[in-house]
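# Structure assessment
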Protein chains: 2
Amino acid sequence: MTRSQRAPHRGTWSLRLAATSPRVILGDVDGNLQRVRVALQGAVARGAQLIVLPELATSGYLFADRDEASAASITRDHHGWADLASALPPGVVAVVGYAERDGMQLFNSAAVLTHGRRIGDYRKAHLWGAEAALFDRGPTAGALFETPLGRLGVAICYDNEFPEVPRRLALAGAEILALPVNWPLIARPDGEHPPETIQAMAAARSSRLATIIADRSGAERGVAWTGGTAVIDEDGWVAALPDESGIAIATLTLRSPGDKSLPPHNDLFGDRRPELY
Amino acid sequence: MTRSQRAPHRGTWSLRLAATSPRVILGDVDGNLQRVRVALQGAVARGAQLIVLPELATSGYLFADRDEASAASITRDHHGWADLASALPPGVVAVVGYAERDGMQLFNSAAVLTHGRRIGDYRKAHLWGAEAALFDRGPTAGALFETPLGRLGVAICYDNEFPEVPRRLALAGAEILALPVNWPLIARPDGEHPPETIQAMAAARSSRLATIIADRSGAERGVAWTGGTAVIDEDGWVAALPDESGIAIATLTLRSPGDKSLPPHNDLFGDRRPELY
């Protein structure tokens, strides 16, 4: 459903949201771009309007050093981007994690693409583990993009473990949050969601912000991934987990942008007391 | 274990933490105070060092109007406080929710007590539902208290659904968070924790802040309570739920106050980028 189909005021609208996790081979940029393209086509075929791919989906994650990361990095004018954008029908938006080279700098970035063009890029601000030896830090804590689907927030992995980030994006008008991640698997109690999922669920509920998480699965250089790919609805519940084809997809009913009301008395944003924080 | 038994630097310490939920009868202040006293004694007998009671444990919650709330409110010099404080051995701290009268003002408050004395009081800042017609808003978003167990953060119910609140308290040095609540039961998917618990788990993990939740159980004036009483450890996992006697109690191992390190590369607070928020 496009923006024009939204109810004009205090209504609801719906979006078909997907996260998909193709196989990623460390350093195989051309092969990864091809697999990302196939994954986008698969999601489009299932009616997805927003499609989120994992962090560093074009490069892999576990680089031994900056030279190796640099060799797997690409610029914003790499020929592969036009190819990916051409896979998207009008009105469809994709968020693809990649290793970005810009002169002497490297960033852990996400490209926001739509039919035939690039909307923009976000550069990860909070670097996890050894990333600080590989990448430069981005200049904003998450970012907002005006897309054919509405105002899209983008953050990458560890960014979202700082509650300031999804909150900041929501307060600035994010209608949905796209979250490419690479979550190394850690122990958790039986029956619990991954802890990073719990943080995303909480942030979604606090700000009524549906969140689309695309994680890796399998392993890379001995590190197992969590496989945390999920669609989280704006009440903070898991609406979809990956099916056998590795795609999590759901049609969510969303309240009108900016509607944070909790009738009859409350409002998630109006009840804030920013003068006290 | 008292503060003097802590490892001096980057070590761990342990605390026995309890949340307990005695029966509360709307408007029966004397009876409620007596039941709170018995609940404190029961937790003390099981070795609890910090004991958290629900929001409005001395008054009940579902007042029809401000007059009814006022009739069930007490001042800080009510005789019942000394009686409760006398039930606490040296070094033990209790947090008790109550309806506070101060001149013409009414607050949804929590008293912080220890052996034979009152440490302080917190007045709820974010009022839920019809509370705004009953209570005045407190002047701080959560509060910190220096106690024999360390620096204790206190917030009440809806306060903690604003991620700014636990984050602010943790950044200001809270070592543990006491959270008296009255959570009306809402629907949730099978197998999920209550949504407010998920928010507390996420906040605990984000800031390494163990959180002790004391909720009501049963029902009052037709509103069923969630029964969300729980001890959440500093990694955000549920360490204890209520046993058959209605007490959730666990001995938690805590890292040294202020230690937010995630070796070898990260630090939950040091990795923040406050210049970007």
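Data block above holds the structure.
Report on the accompanying structure. (Residues numbered from 1 in each chain as written. Chains lettered and ligands numbered in written order. Predicted model: local features only at pLDDT ≥ 70, side-chain atom pairs only at ≥ 80, totals over all residues. Heavy atoms only, no water.)

As a rule of thumb, nonpolar side chains are buried together in soluble globular proteins. Among the nonpolar cores identified, the biggest contains 110 residues, and A:Leu50 and B:Leu50 are the most heavily contacted of them. When residues no more than four places from it in sequence are discounted, the contact partners of A:Leu50 are A:Arg16, A:Leu17, A:Ala18, A:Val93, A:Val95, A:Leu149, A:Leu152, A:Ile176 and A:Ile212. (Core = buried A, V, L, I, M, F, W, Y, C linked by side-chain atoms within 4.5 Å. Buried < 20%, exposed > 50% of the residue type's maximum accessible area, 1.4 Å probe, protein only. Contact = heavy atoms within 4.5 Å.)

Right, let's talk about the packing of helix H5 (residues 195-207) of chain A against helix H5 (residues 195-207) of chain B for a bit. One can describe the packing of H5(A) onto H5(B) by two numbers: an axis separation of 8 Å at closest approach and a directional angle of 120°. Accordingly, the angle class assigned to the pair H5(A) and H5(B) is oblique. Between H5(A) and H5(B) lies a crossing whose hand is left-handed. Seen from H5(A), the contacting residues are A:Pro195, A:Glu196, A:Ile198, A:Gln199, A:Met201, A:Ala202, A:Arg205 and A:Ser206; seen from H5(B), they are B:Pro195, B:Glu196, B:Ile198, B:Gln199, B:Met201, B:Ala202, B:Arg205 and B:Ser206. (Axes fitted to C-alpha atoms, helices over the stretch in contact; angles between N-to-C directions. Helix = DSSP H or I, 4+ residues; strand = E, 2+ residues; numbered from the N terminus. Parallel < 35°, antiparallel > 145°, perpendicular 65-115°, else oblique. Left-handed = near helix turned anticlockwise from the far one by under 90°.)

Before going further, it helps to spend a moment on the sheet that holds strand E4 (residues 105-114) of chain A. Residue and element names in this part refer to chain A. One open sheet accounts for six strands, arranged E5-E4-E3-E2-E1-E14; its pairing is mixed. Bordering the open sheet on either side are strand E5 (117-123) and strand E14 (247-255), each of which pairs with just one other strand. In this sheet, neighbouring strand axes are inclined to one another by 30° on average, regardless of whether the strands run parallel or antiparallel. Strand direction decides the pairing type here: E4 and E5, joined by six bridges, are antiparallel. Paired with Ala-111 across the bridge in E5 is Asp-121. Here helix H3 (residues 79-86) sits on the sheet in contact with strand E3 (93-102), E4 and E5, set at roughly 25° to E4. (Pairing = 2+ DSSP bridges.)

Here the focus is H5(B). Helix length check: H5(B) (13 residues) gives 19 Å between terminal C-alpha atoms against 18 Å at 1.5 Å per residue, within 8%. Positive phi shows up at B:Arg208, right after H5(B), with a value of about 50°. (Expected span 1.5 Å × (residues − 1).)

Bringing the interface of chain A and chain B into the picture now. Of the residues lining the interface, 45 residues belong to chain A; the matching set on chain B comes to 44 residues. Of all residues in chain A, the largest losses of buried area upon contact with chain B belong to A:Arg205, A:Trp237 and A:Arg273, amounting jointly to 18% of the total for that side. For the pair chain A and chain B, the interface holds six salt bridges. No other element matches H5(A), which puts eight residues into the side of chain A that touches chain B. (Buried area = accessible area lost by both parts, 1.4 Å probe. Salt bridge = Lys/Arg side-chain N within 4 Å of Asp/Glu carboxyl O.)

Generally, phi is negative for residues other than glycine and the peptide bonds are trans, each holding for most cases. The omega torsion across A:Pro263 and A:Pro264 is 5°, close enough to zero to call that bond cis. Its location among the elements puts A:Pro264 in the loop between strand E15 (261-262) and strand E16 (266-267). A positive phi angle is found at A:Arg208, which is not glycine, with a value near 50°. For A:Arg208, the position within the fold is in the loop between H5 and strand E9 (210-214). At B:Cys157, a position not held by glycine, the phi torsion is positive, near 45°. Of note, B:Cys157 is situated in the loop between strand E7 (150-154) and helix H4 (164-171). Exposure remark for B:Cys157: the relative accessible area of 7% places this residue in the buried category.

Turning our eyes to something else, we now look at the environment of A:Ala43. All names here are of chain A. By the element assignment, Ala-43 lies in helix H1 (residues 29-45). We classify Ala-43 as buried; its relative accessible area is 0%. When the C-alpha atoms of Ala-43 and Asp-190 are compared, they prove to be 31 Å apart, with 147 residues separating the residues in sequence. Discounting residues that sit within four places of it in the chain, Ala-43 has contacts with Ala-18, Ala-48, Ile-51 and Ile-247.

Here we come to the pattern of salt bridges. Scanning all chains against the criterion turns up 42 salt bridges over all chains. In this structure, A:Glu131 engages A:Lys124 in a salt bridge whose closest nitrogen and oxygen atoms are separated by 2.9 Å. A:Glu131 sits in the buried class, given a relative accessible area of 2%. A salt bridge links B:Arg66 to B:Asp136; the shortest N-O distance between them is 3.1 Å. Here B:Arg66, found in helix H2 (residues 66-71), pairs with B:Asp136, found in the loop between strand E5 (117-123) and strand E6 (143-147); they are 70 residues apart in sequence, far enough to count as distant. The network of salt bridges with common partners includes A:Arg76, A:Glu100, A:Asp102, A:Arg118, A:Asp121 and A:Arg123.

What follows covers the sheet that holds strand E1 (residues 12-20) of chain B. All names here are of chain B. Read from one edge to the other, the open sheet built from six strands follows the order E5-E4-E3-E2-E1-E14, with strand pairing classed as mixed. Of all strands in the sheet, those with a lone pairing partner are E5 and strand E14 (247-255), marking the two edges. Direction aside, the axes of adjacent strands within the sheet are offset by 30° on average. Pairing geometry for strand E3 (residues 93-102) and strand E4 (residues 105-114), over ten bridges, is antiparallel. Residue pairing in the sheet places Asp-102 in a bridge with Gln-105 of E4. Lying over the sheet, helix H1 (residues 29-45) contacts E1, strand E2 (50-52), E3 and E14, oriented at roughly 145° with respect to E2. Against the sheet, helix H3 (residues 79-86) makes contact with E3, E4 and E5, and its axis sits at roughly 25° relative to E4, the strand it touches most.

So, on to the packing of aromatic side chains. Per the counting criterion, the structure on display carries eight aromatic pairs over all chains. Considering the side-chain rings of B:Trp128 and B:Tyr158, the 5.1 Å spacing of their centres and the 70° angle between planes classify their relative orientation as edge-to-face. Taken together, the positions of B:Trp128 in the loop between E5 and E6 and B:Tyr158 in the loop between E7 and H4 put the pair 30 residues apart, joining distant regions of the chain. A relative accessible area of 1% means that B:Tyr158 is categorised as buried. With 4.8 Å between their ring centres and 70° between their planes, B:Tyr158 and B:Phe162 make a pair best called edge-to-face. Taking the relative accessible area as the measure of exposure, B:Phe162 reaches 2% and is therefore buried. A network of ring pairs unites the aromatic residues A:Trp128, A:Tyr158 and A:Phe162 as a single cluster. Here the basic side chain of A:Arg118 rests over the ring of A:Trp81, its NZ or CZ set 4.5 Å away from the ring centre. (Phe/Tyr/Trp six-rings, centres within 6.5 Å; stacked < 30°, edge-to-face > 60°. Lys NZ or Arg CZ within 6 Å of the ring centre and 35° of its normal.)

Residues and elements named next belong to chain A. For the pair H1 and H3, the least separation of the axes is 9 Å and the interaxial angle reads 15°. In terms of axis orientation, H1 runs roughly parallel to H3. Considering the relative orientation of H1 and H3, their crossing is right-handed. Contacts from Leu-33, Val-36, Arg-37 and Leu-40 in H1 reach Gly-80, Asp-83, Leu-84 and Ser-86 in H3. Split into classes, the residues belonging to the contact of H1 with H3 amount to four nonpolar, two polar and two charged. (Nonpolar A, V, L, I, M, F, W, Y, C, P; charged D, E, K, R; others polar.)

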